[in-house]
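Results of the structural survey
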Amino acid sequence: RVEQEIKTRTCELEEAQGSLVAANAYLQHIINLFKEPLQVLEPVFENGEIIDFRFKLTNAAYAAYANSTPEQIQGKRVGEVFPGYFQTSSFSRPIETFTTGKPDTWEIHYDQDGLDLYNMMSATKLGDTVILHFTDFT
């Protein structure tokens, strides 16, 4: 009787896991359709301060700046992929958005990490993440 209950619950969990995997793949496919870069970032704290962000989700347009794919950079720290971003508003302004909860939009000339980009960036806090979107008008 207990063994049957365990089998039933295991099957239910496997089905739920399959549904989550499919939903995540569907979401990734949708955001990859966007031509403009998109990132969902989680702050990395040390001694109560944000010292970096970690990629929770990105799209293909963003990952292309790193000559990568969303799957390859997911879970990595932004500073590992783009060490020069610490010197720019693409690091400082999302910290401000996360801290205050106020959305922000700004222009940036990103001339770090071998890139030379002119972007309009937007940051919005969502729960324990910051969503960054930008238009590249280089």
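Each value, and the rule that gives it
In every chain, residue numbers begin from 1 and rise along the written sequence. With pLDDT at 70 or above as the cut-off, local features in this predicted model cover only qualifying residues; side-chain atom pairs require 80 or more to be listed or tallied, and sums for whole chains, interfaces and linings still use all residues. To get the side-chain values, all heavy atoms of the structure are used, and hydrogens and water are removed first. Secondary structure follows DSSP: runs of H or I at least 4 residues long count as helices, runs of E at least 2 residues long count as strands, and numbering of each begins at the N terminus. Radius of gyration: over C-alpha atoms. The globule rule applied is 2.2 Å multiplied by the number of residues raised to the 0.38 power. Three labels apply to residues, based on accessible area from a 1.4 Å probe with only protein chains included: buried if under 20% of the type maximum, exposed if over 50%, partly exposed otherwise in between. Contact criterion: two residues are considered in contact whenever any of their non-hydrogen atoms come within 4.5 Å of each other. Surface accessibility follows the Shrake-Rupley procedure with a 1.4 Å probe radius. Residue values consider only the protein chains on display as shielding. We count Lys and Arg on the positive side and Asp and Glu on the negative side, and we leave His and both chain ends out. Each charge is placed at NZ for Lys, CZ for Arg, CG for Asp and CD for Glu. Strand pairing requires that DSSP identify at least two bridges connecting the strands. In this analysis, the protein atoms alone were mapped onto a 1 Å grid. Cavities are point sets where a 1.4 Å probe fits without being able to get out; pockets are open sets with protein on both sides within 12 Å along at least five of seven lines; lining residues have an atom within 4 Å of a point. Grid points are joined across faces, edges and corners, and a volume is the space filled by probe spheres set on the points. We call Asp, Glu, Lys and Arg charged. Ala, Val, Leu, Ile, Met, Phe, Trp, Tyr, Cys and Pro are nonpolar, and the rest, Gly among them, are polar. Pairing of aromatic side chains here covers Phe, Tyr and the six-membered ring of Trp, requires ring centres within 6.5 Å, and sorts the geometry by plane angle: under 30 degrees stacked, over 60 edge-to-face, intermediate tilted. Criterion for a charge above a ring: Arg CZ or Lys NZ at most 6 Å from the ring centre, at most 35 degrees from the ring normal.

Moving on to the overall build of the chain. Along the backbone of the chain there are five helices and five strands. In terms of overall size, the chain is more extended than a compact globule, its C-alpha atoms giving a radius of gyration of 18 Å where 138 residues would be expected to give roughly 14 Å. Structurally, the chain occupies a C-alpha span of about 65 × 35 × 25 Å along its principal axes. The burial tally for the chain puts 35% of its 138 residues in the buried class. In the chain, 45% of the contacts between residues at least 6 apart in sequence involve partners at least 24 apart. As presented, the chain carries roughly 8,600 Å² of accessible surface, and 54% of it is formed by carbon and sulfur atoms. Considering the chain, the positive charge centre built from 11 side chains and the negative charge centre built from 20 side chains are found 7 Å apart.

It is worth spelling out the pairing of strand β5 (residues 129–136) at this point. Within a regular beta strand, the side chains point alternately toward one face of the sheet and then the other, so they alternate between its two faces. Where strand β1 (residues 38–46) lies against β5, four bridges are found, and the strand directions are antiparallel. Counterpart to Gln 39 in the pairing with β5 is Leu 132. Direction of pairing for strand β4 (residues 117–126) relative to β5: antiparallel, over a ladder of eight bridges. Along β5, the bridge assignment pairs Ser 122 with His 133. The turn linking β4 back onto β5 is made up of two residues, and Gly 127 within it adopts a positive phi angle of 60°.

The tally for this structure, following the rule as stated, stands at one cavity of 30 Å³ or more. The volume enclosed by the largest cavity comes to roughly 190 Å³. Contributions of two or more residues to the lining of the largest cavity are made by β1, β4 and β5. Per-element tally for the lining of the largest cavity: the top contributor is β4, with three residues. Residue composition of the lining of the largest cavity, grouped by class: twelve nonpolar, three polar and no charged.

Another point: the packing of aromatic side chains. Tallied over the full model, the rule gives nine aromatic pairs. Positioned above the aromatic ring of Phe 98, the side-chain terminus of Lys 125 is 4.4 Å from the ring centre.

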